[in-house]
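Coordinate inspection notes
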Amino acid sequence: NNNDGESSFSPEDIFEQFAQFLIEHQTSMIAEIEQTDGSGVAFSKDGWGAFENGNGDNSKSGGITRVIQGGDVVEKGACSLTVIRNGVLTADRAATIR
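This one's a predicted model, so the numbers in the text were calculated from it and none came from an experiment. (Residues numbered from 1 in each chain as written. Predicted model: local features only at pLDDT ≥ 70, side-chain atom pairs only at ≥ 80, totals over all residues. Heavy atoms only, no water.)

**Remarks on the sheet that holds strand β1 (residues 44-49)**
- Strand order in the open sheet formed by 3 strands is β1-β2-β3, and the pairing between neighbours is antiparallel. Taken across any chain shown, the strands that pair with only one partner, and hence form the sheet edges, are β1 and β3 (76-83). Each strand of the sheet is rotated relative to its neighbour by a mean of 15 degrees, with strand direction disregarded. (Pairing = 2+ DSSP bridges. Helix = DSSP H or I, 4+ residues; strand = E, 2+ residues; numbered from the N terminus. Axes fitted to C-alpha atoms, helices over the stretch in contact; angles between N-to-C directions.)

**Side note on unusual backbone geometry**
- If you check the backbone angles, N86 has positive phi at about 60 degrees while not being a glycine.
- As for its position among the elements, N86 is in the loop between β3 and α2 (91-96).
- Taking the relative accessible area as the measure of exposure, N86 reaches 76% and is therefore exposed. (Buried < 20%, exposed > 50% of the residue type's maximum accessible area, 1.4 Å probe, protein only.)

**Focus: the environment of M29**
- Structurally, M29 can be placed in helix α1 (residues 11-37).
- By relative accessible area, M29 is classed as partly exposed at 43%.
- In this structure, the C-alpha to C-alpha distance between M29 and C79, residues 50 residues apart in sequence, is 8.7 Å.

**As for the environment of K76**
- Within the element layout of this structure, K76 appears in strand β3.
- Under the relative-accessibility criterion, K76 is labelled exposed at 61%.
- Sequence-distant contacts of K76, that is, excluding residues within four places in its chain, are made with I68 and Q69. (Contact = heavy atoms within 4.5 Å.)

Below, the structure written as structure tokens:
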């Protein structure tokens, strides 16, 4: 922090902190669902782009898709996360978000 009360974090730092927050929440939700299901069936993990091979490259976009099948409580489910870096939200695209 600087002396005038403003944050010294750059927009990129804030974005990366938020992306990490989302990744941690996805991991936490998956663990809770697996525990609640109780069957021992685990979610698969498929990373793409920045998350391919688990490297978490902060210079490009990517995502993590987690899928579970054949559980005792969850027959089939998925939890996907996409991180778009340096993207542009067009007015047309923004209009489709509800």
